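These are the residues of each chain, in order.
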Amino acid sequence: MEFSLRNWIGLFLLGSINNLPYVIVTSAAKTIADSFDKRNDVGVVFGANVALSVIVKAINGLFLLKVPYWIRYVVNALLMVIGLIGVAFAFDFWFAIVCIVVVGSSAAFGENVALGYLRLFPSKSVNAWSSGTGMAGILGSAIYIIFGCSIGESNKTSQLKTLTKYAFLLTLPAVLVYLIAYFIIIKAPKPDDTTHKSQPSIQKPLDEEEKPLLQDTDIETSGTVPVESVCQRLRRCWGLVWWLSINLCAVYLFEYVAQGCAAKVRPKTEYNKGCPELFAALSFCYQAGVFVSRSSVQMFQIKRVEILSLLQLINMVLWIFDVHYKFIPVYLLPALMIYVGLLGGASYVNIFYLLLHEDKYPEEDREFCINITSLFITGGIVLGTVLETILFNTILESD
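Let me begin by describing the structure that accompanies this report.

Reading the values: rules and limits
- Residues numbered from 1 in each chain as written.
- Predicted model: local features only at pLDDT ≥ 70, side-chain atom pairs only at ≥ 80, totals over all residues.
- Heavy atoms only, no water.
- Helix = DSSP H or I, 4+ residues; strand = E, 2+ residues; numbered from the N terminus.
- Buried < 20%, exposed > 50% of the residue type's maximum accessible area, 1.4 Å probe, protein only.
- Areas by Shrake-Rupley, 256 points an atom, 1.4 Å probe, with all protein chains shown as cover.
- Axes fitted to C-alpha atoms, helices over the stretch in contact; angles between N-to-C directions.
- Parallel < 35°, antiparallel > 145°, perpendicular 65-115°, else oblique.
- Left-handed = near helix turned anticlockwise from the far one by under 90°.
- Contact = heavy atoms within 4.5 Å.
- Nonpolar A, V, L, I, M, F, W, Y, C, P; charged D, E, K, R; others polar.
- Salt bridge = Lys/Arg side-chain N within 4 Å of Asp/Glu carboxyl O.
- Phe/Tyr/Trp six-rings, centres within 6.5 Å; stacked < 30°, edge-to-face > 60°.

Below, the discussion takes up the overall build of the protein chain. Across its full length, the protein chain carries 14 helices and 2 strands. Looking at the protein chain as a whole, 55% of its 399 residues are labelled buried. Of the roughly 16,500 Å² of accessible surface on the protein chain, a fraction of 69% belongs to carbon and sulfur atoms.

Written out as structure tokens, the structure reads:
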């Protein structure tokens, strides 16, 4: 299938809006915690955003591959609406956390559905989706900055709650655009036009393209060849994706700790004031870096993704030390946070490009391999938020 600008725009919009509520939560994490007098629980907000991600991704990968894409997209849109309204009108911290769980579940489910959907398109179409998710970061953090500036300098919890309320309500109309992108803008290729490369490939029957991943291990095909069990398939596919999965987990772990540290790298008096507010400004810088690197795969590809993981580890250590010693001048923090975003975004887009492009991943297993790998995004975020919460409530509590 030839490159389609129409589909590129549609996939870009899907990525932008799928991740927008999630990113607003990330940008608002400090404000949400502060508005309920929970300054040291920023990591809890981050953690809630991914609390059920593994579960919803596993449900999609194991049980829903035969469910039409349109149904899964509609369900995801409903989850977005419920989460956004819930966070906007949260009456206490833990109710807000429950609603954030819904927001994060929507982003995770939508991501898994979209990455599987991308197998119907040329492999470089992942750039449209990933660039859209990067734009979601720009939009989400910009929305929060705009509302923060409109409220002005304040540490009053009532005004911080007002900021949260309207930032989330403003995002609701975007859900309609999400549905328009899928149902109207995107024109999925026909079944005989889904190859990833120019060389011919054998097209599977439609009833096999989205076969469930759980099989009855006692059934045999053609009377002689046993059907591969889900455990056997998982073990075989894990052998293909383990290195990419571990690197994706690591880079997310390191970047989420670094990003969380932005809430405490300066004295408390420097936050919740100015326009833009410091944490919101650093979140915007992070998202700008993510957007640039997630849009880069059509220009160049990186196969040695472990280099990105190592560089992000160095970043994390630097930010942790700065929380305690505060030795980095405030004017250097934006550039360093952009760098964090660049590494994280580059790892994401290149890993999924490799999964969609390289011949080592069989066509019949490609979506399963993608589902396995994407679970490690959640693993990295969970580990990162746990580590951050432990640090903030122990050795970095007084910083």
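Still to come is the rest of the account.
A few words on the packing of helix α10 (residues 230-261) against helix α13 (residues 333-357). Relative placement of two packed helices is described by the angle separating their axes and the distance separating the axes. Contact pair α10 / α13: the axes reach a minimum separation of 10 Å and the direction vectors enclose 160 degrees. Comparing the axis directions of α10 and α13 gives the class roughly antiparallel. Of the two possible hands of crossing, α10 and α13 adopt the one that is left-handed. Taking contact as the criterion, the partners of Val241, Leu244, Asn247, Leu248, Val251, Tyr252, Glu255, Ala258 and Gln259 in α10 are, on α13, Met337, Val340, Leu343, Gly344, Ser347, Tyr348, Ile351, Phe352, Leu354 and Leu355. Residues of the contact of α10 with α13, tallied by class, amount to 14 nonpolar, 4 polar and 1 charged.

Under the definition given, this model contains 8 salt bridges. Linking Asp365 and Arg236 is a salt bridge whose minimum nitrogen-to-oxygen distance equals 2.5 Å. Note that Asp365 is positioned in the loop between α13 and α14 (366-392) and Arg236 in helix α10, a separation of 129 residues in sequence. By relative accessible area, Asp365 is classed as buried at 2%. For Arg236, a relative accessible area of 34% translates into the label partly exposed. Close ionic contact of Arg304 with Glu306 constitutes a salt bridge, the shortest N to O distance being 2.3 Å. Judged by its relative accessible area of 53%, Arg304 falls in the exposed class.

In this section: the environment of Gly104. Tracing the backbone through its elements, the reader meets Gly104 in helix α5 (residues 93-117). Look at Gly104 and you get buried, because its relative accessible area is 2%. Considering only alpha carbons, one finds Gly104 and Gly47, 57 residues apart in sequence, at a separation of 9.3 Å.

Attention shifts here to the packing of aromatic side chains. For any pair of aromatic rings, geometry is given as the distance between the ring centres together with the angle between the planes. Evaluated as defined, the whole model comprises 16 aromatic pairs. Note on Tyr73 and Tyr117: the rings are 5.9 Å apart at their centroids and 70 degrees apart in plane angle, and the pair reads as edge-to-face. Residue Tyr73 is located in helix α4 (residues 69-88), and its partner Tyr117 is located in helix α5; the two are separated by 44 residues in the primary sequence. When the ring of Phe91 is compared with that of Phe95, the centres are 4.6 Å apart and the planes differ by 25 degrees; the resulting orientation is stacked. By relative accessible area, Phe91 is classed as exposed at 60%. What makes Phe95 partly exposed here is its relative accessible area of 30%.

Summarising the element assignment, Gln287 is placed in helix α11 (residues 278-294). With relative accessibility at 5%, the residue Gln287 sits in the buried group. When residues no more than four places from it in sequence are discounted, the contact partners of Gln287 are Val23, Gly134, Gly137, Ile138, Ser141 and Gln259.

On to the packing of helix α12 (residues 305-325) against α13, then. The geometry of α12 relative to α13 is characterised by a closest axis approach of 10 Å and an angle of 150 degrees between their N-to-C directions. Our classification of the angle between α12 and α13 gives roughly antiparallel. Crossing handedness for the pair α12 and α13: left-handed. Contacts between α12 and α13 pair Val305, Leu308, Leu311, Gln312, Asn315, Leu318, Trp319 and Asp322 from the former with Leu333, Leu336, Met337, Tyr339, Val340, Leu343, Gly344, Ala346, Ser347, Asn350 and Ile351 from the latter. Broken down by class, the residue content of the contact of α12 with α13 amounts to 13 nonpolar, 5 polar and 1 charged.

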